[in-house]
Amino acid sequence: MNRLISPLLLLLLAVSAQCVCAEQASVQGTRVWTDPAKTRLVFETSSAITHRVFPLDDPDRLVIDLDDAVMQSNLPKVDLGDPLLVGLRGGVRGGSHLRIVLDLKQPVRAKSFALSPNERYGHRLVIDLTPKDGSSVRRVALPSFPNSAVRKGAGRPGRGPAVIVAIDAGHGGEDPGAIGSGGTLEKDVTLAIARELAKLVDREPGLEALMIRDGDYYVGLQERIAIARERRADLFVSIHADAFSSANAKGSSVYTLSYGGASSEAAKWLASRENSADLIGGVDLSTGDDLLANVLMDMTQNATIEHSTEAAAMVLANLGRLGVVHRGDVQRAGFAVLKAPDVPSILVETAFISNPDEEKRLRDRGHQRELAEAILAGVLGYFRKYPPHGMLVDASPQGGGGGAREYVIGPGDTLSGIAKQHSVSISALRARNGLNDDMIRVGQVLAIPEDS
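Residues numbered from 1 in each chain as written. Predicted model: local features only at pLDDT ≥ 70, side-chain atom pairs only at ≥ 80, totals over all residues. Heavy atoms only, no water.

A. A look at helix α7 (residues 356–363). By the burial criterion, the buried members of α7 are E358, E359 and L362. Down the axis of α7, the buried side of the element spans an arc of 105 degrees, and every buried residue falls inside it. Structurally, the start of α7 carries an N-cap: the backbone nitrogen of D357 is 3.0 Å from a side-chain oxygen of N355. (Buried < 20%, exposed > 50% of the residue type's maximum accessible area, 1.4 Å probe, protein only. Helix = DSSP H or I, 4+ residues; strand = E, 2+ residues; numbered from the N terminus. Arc of directions from axis to C-beta. Polar contact = N/O pair within 3.5 Å; in protein donor to acceptor, adjacent residues only side chain to side chain.)

B. How the structure looks around helix α3 (residues 221–230). L221, R224, I225 and A228 are the residues of α3 that are buried. One face of α3 carries all of its buried residues, which in axial projection span an arc of 95 degrees. Note on α3: the residue one or two positions beyond its end, R232, has a positive phi of about 55 degrees.

C. A look at the pairing of strand β10 (residues 163–169). Of all 7 residues in β10, 7 are buried, a share of seventy percent or more. Alternating residues of β10 divide into V163, V165, I167 and A169 and I164, A166 and D168, and every residue in both groups is buried. One ladder, built from 5 bridges, connects β10 with strand β11 (residues 207–211); its direction is parallel. Bridged to V165 within β11 is A209. Once you follow β10 into helix α2 (residues 186–203) and on to β11, the crossover reads as right-handed. As defined by bridge partners, β10 adjoins strand β12 (residues 235–240) across 5 bridges and the pair is classed as parallel. Counterpart to I167 in the pairing with β12 is V237. (Pairing = 2+ DSSP bridges. Right-handed = clockwise from strand over helix to strand, strands pointing away.)

D. View of the nonpolar core. Counting residues in hydrophobic clusters, the biggest one holds 43 residues, and the most contacted among them are I167, V237 and I375. Counting residues per element, the ones that place at least two in this core are β10, α2, β11, β12, α6 (298–322), β15 (345–349) and α8 (365–385). The element best represented in this core is α8, accounting for 9 residues. Beyond its immediate chain neighbours, meaning those up to four positions away, I375 contacts L197, V237, I239, V315, L319 and V348. Membership of the second largest hydrophobic core comes to 27 residues, among which are L115, V126, L221 and I225. (Core = buried A, V, L, I, M, F, W, Y, C linked by side-chain atoms within 4.5 Å. Contact = heavy atoms within 4.5 Å.)

Here's what the structure looks like:
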């Protein structure tokens, strides 16, 4: 009888062991990178996973315990320049649990959250690390171009305060964006074009580029808006190279915000894709943010959309001189990244990466530079027509000198102060502009005489 029972027990034990293994989640991949705000670890798992995170000191470490999990991939090596991490190591604990240990360079605060599967990824566990003392992980340096040190309000010789152009390279990090048939990633193309545009903007007297993303990391849609508003950007330009359901779609497009219906089926389709980027890029949507809920600031928002449309039209016209455009007029859709209430904002679809011919051109450095030049030409045209408050511009059609200079009145400006700033007499300033007294108003444009 015992001889019969023993094989049966062995069989039952084997079946039981298989059931336990089937319930275990597998860690199929691990990624780590650092952006200006944090160091992020992402564990790709076969199913939802329970976990615990706790710190240890002497030396500083962070322990991540994953319940009923097995490692199916190697842990990544950490960049020696990472400001927080020394390295990662892991092992089995208690037979069926996985323990990951992070060796640290300094004490950290850890925040973890799970992301549900989406069109790009399966289950993910995200661990965000920030310095415990509240300092920045990595300070973002502006590009080292000739005029990059100038800050808003600092001014330049013969010009008004620096005008900020926020340049937003779409996607990044966890979110590659659209992928061409040749394997080109939208996030790489947008960053390359954005960097070219930043170079050109910083070379323009009176203009300063603000890169929203200057590396391969993801920035949440609301955070992109917040960065531009915090630096008081005068224009927000979001750069993309999206895909469409048809590989035959081609040409550039420029979009502005619409709270109503999209202007075309393609606009509706693209906006839906872009607005889901936070789900792909790894944003903890459990945290409340009232920014987008409060952007409907009637008069301000309407005026911003009007200015956005003007800027978009000028950029589209210049892209049209470079090559084919997808639609001949400015498109409108409910892109979340365009919802800053007080910053004119446009979204430029430089081309369709889903079109094999356009994908090849998007990889070409020369074509990237041409796209940046076309966008800049449109931006300059917009600022010549609608100079920001306090900006001193050339009144000549191309802004190349030879004409009268103009100054846009900003809050706190006085006629005497403007005269002193530009080394002209008050009487000459009055005579040049037909003023009977010293009364001026915000938004008024004054011609600055060449001499007193």
